2 protein chains.
Amino acid sequence: MKIESLKNERVKKWCHLKDKKERDKTGTFLVEGSHLVTEAKKRGLVVEIITLENRQESRIPTYIVTKEIMKKITDQVSPPTIAAVCKKMDSTLEPGPTLCLDEIQDPGNLGTIIRSAVAFGFKNIILSEHTVDVYNPKVIRSTEGMLFHVAIMRRDLKEFLTEIHSEYLIFGTDVRGGIKPEESHVPPQYALIIGSEGQGMRPEIRTFCDKFLYIPMSPLCESLNAGVSASILMYELAKRQDYE
Amino acid sequence: MKIESLKNERVKKWCHLKDKKERDKTGTFLVEGSHLVTEAKKRGLVVEIITLENRQESRIPTYIVTKEIMKKITDQVSPPTIAAVCKKMDSTLEPGPTLCLDEIQDPGNLGTIIRSAVAFGFKNIILSEHTVDVYNPKVIRSTEGMLFHVAIMRRDLKEFLTEIHSEYLIFGTDVRGGIKPEESHVPPQYALIIGSEGQGMRPEIRTFCDKFLYIPMSPLCESLNAGVSASILMYELAKRQDYE
């Protein structure tokens, strides 16, 4: 089906997916670019394809749109040639390393962290109540497709940690009282908690930690970017995991 | 001096500092927020202060502006209470670890890399000809003030590497042929080259490398964010430097 008007109802509906409220209401989100569309298709998540080119997809409803429409939907100066409406994923906890994010705010940081989590073999990512929405377009872009390779769940973090703390070794971070990652043994079941950009971990979350880690650094620098510190810690823990 | 009109000539001049051309022409750039203004003052770089509050700075010309003007200058939804026009830094090569960036494009990545470079004790950052401008407002914001703690120079990278390669051990990255960072000794004088986000190192830059490093990762993930991989490599090299 061809759509050429910016005022078309379907175009308006796609544009509304930029808002979290609309994504929550419809249970859908938008991915942009052929790499992400392919990954989403593999997972069976694609419900509508939006494309600049006249090609026929087997069973998925496909809409051919103008470049202007694609620009409006994606907010990109150079719009992709393809995008897709996907249904949200339904994930359950997998055995293995688990990352808990306590109120991460920046979409770019969340995307980068998801990408690194997959790179370093993490199986689950738990997002606390006020962590930025994983279906935010900026988050999706910066994951580079990796959000489809890890179980991502939004949970009350206190409740989640209460459930797992007898079976998991729980790592937090502490610039002052922490140990270096190489000073800890790492069991197969563990969780790493990363605090928010400005505030760090909330005090009620800190109490669940069995061990605190820190990354040695120059006194000139107060802290690293949240995506960088999360990535370095995941890299170190993955490197020294005791496989049974 | 008070300024209340958005059409004031000085306001226009400050707005133009968002453009690289204007920054190059005037040899100045803008920093935002009290943390960055304080850091720039310590380095003696501040030439004009722009503030929302009526306070007197000893010798530096100070302009009191409206919130609307501050918004316009900084493009921020929540504008800072203070900003400053600074003169560009004049840096020379310091002894010690040196980071070379080969055509890094994303401002956020460059800012993050500068922040991590200071954290891990790097003394110099060499930007290749087409690496994004370090005085770009987004770069400056993501350095979190760290750009004032390291010598940053823009150079023809081929020329620079020709000059240093007899005295420095030069590390590059290679996902296929590289060794793990822990498999290499690290002398006090070394350089690490990081390639661009999409393309990696240019072939003519690769030829200067004495050793290639890689970061072990899951086959599910093709690559890490450039800021993350640069940071992990700097962290690892800093950790195992042989101090003489």
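All of these numbers come straight from a predicted model, not from anything done at the bench. (Residues numbered from 1 in each chain as written. Chains lettered and ligands numbered in written order. Predicted model: local features only at pLDDT ≥ 70, side-chain atom pairs only at ≥ 80, totals over all residues. Heavy atoms only, no water.)

1. Side note on the relation of the copies chain B and chain A
Move 1: Least-squares fitting of chain B to chain A yields an RMSD of 0.0 Å, with the transformation described by 0.0 Å of translation along the axis and a rotation of 180 degrees. Interpreted geometrically, this transformation is the action of a two-fold axis.
Move 2: Here 100% of the interface residues in chain B have copies in chain A that are interface residues too; the copies meet face to matching face. (Least-squares fit on C-alpha atoms with pLDDT ≥ 70 in both. Contact = heavy atoms within 4.5 Å.)

2. Re helix 1 (residues 9–16) of chain B
All names here are of chain B.
Move 1: Those residues of helix 1 that sit buried are Val11, Trp14 and Cys15. Seen from one end, helix 1 has its buried residues packed into an arc of 100 degrees, which puts them on one side.
Move 2: The N-capping residue of helix 1, defined by a side-chain oxygen 2.7 Å from the backbone nitrogen of arginine 10, is asparagine 8. (Buried < 20%, exposed > 50% of the residue type's maximum accessible area, 1.4 Å probe, protein only. Helix = DSSP H or I, 4+ residues; strand = E, 2+ residues; numbered from the N terminus. Arc of directions from axis to C-beta. Polar contact = N/O pair within 3.5 Å; in protein donor to acceptor, adjacent residues only side chain to side chain.)

3. Some details on the sheet that holds strand 5 (residues 82–87) of chain B
Residue and element names in this part refer to chain B.
Move 1: Pairing is mixed across the open sheet formed by five strands, whose spatial order is 1-4-3-5-2. Looking at the sheet topology across the chains shown, the edges are occupied by strand 1 (2–3) and strand 2 (28–32).
Move 2: Where strand 1 and strand 4 (residues 62–65) come together, two bridges link them in parallel fashion. Looking at the pairing, isoleucine 3 lines up with valine 65 of strand 4.
Move 3: Against the sheet, helix 1 engages strand 1, strand 3 (46–51), strand 4 and strand 5, with an angle of about 110 degrees to strand 3.
Move 4: Contacts from helix 3 (residues 34–42) reach strand 2, strand 3 and strand 5 within the one sheet, and its direction differs from that of strand 5 by about 30 degrees. (Pairing = 2+ DSSP bridges. Axes fitted to C-alpha atoms, helices over the stretch in contact; angles between N-to-C directions.)

4. A short note on the side chain of B:Thr62
Residue and element names in this part refer to chain B.
Move 1: Relative to the assigned elements, threonine 62 resides in strand 4.
Move 2: What makes threonine 62 buried here is its relative accessible area of 11%.
Move 3: Here the side chain of threonine 62 touches isoleucine 60 through a polar contact of 3.0 Å, landing on its backbone oxygen.

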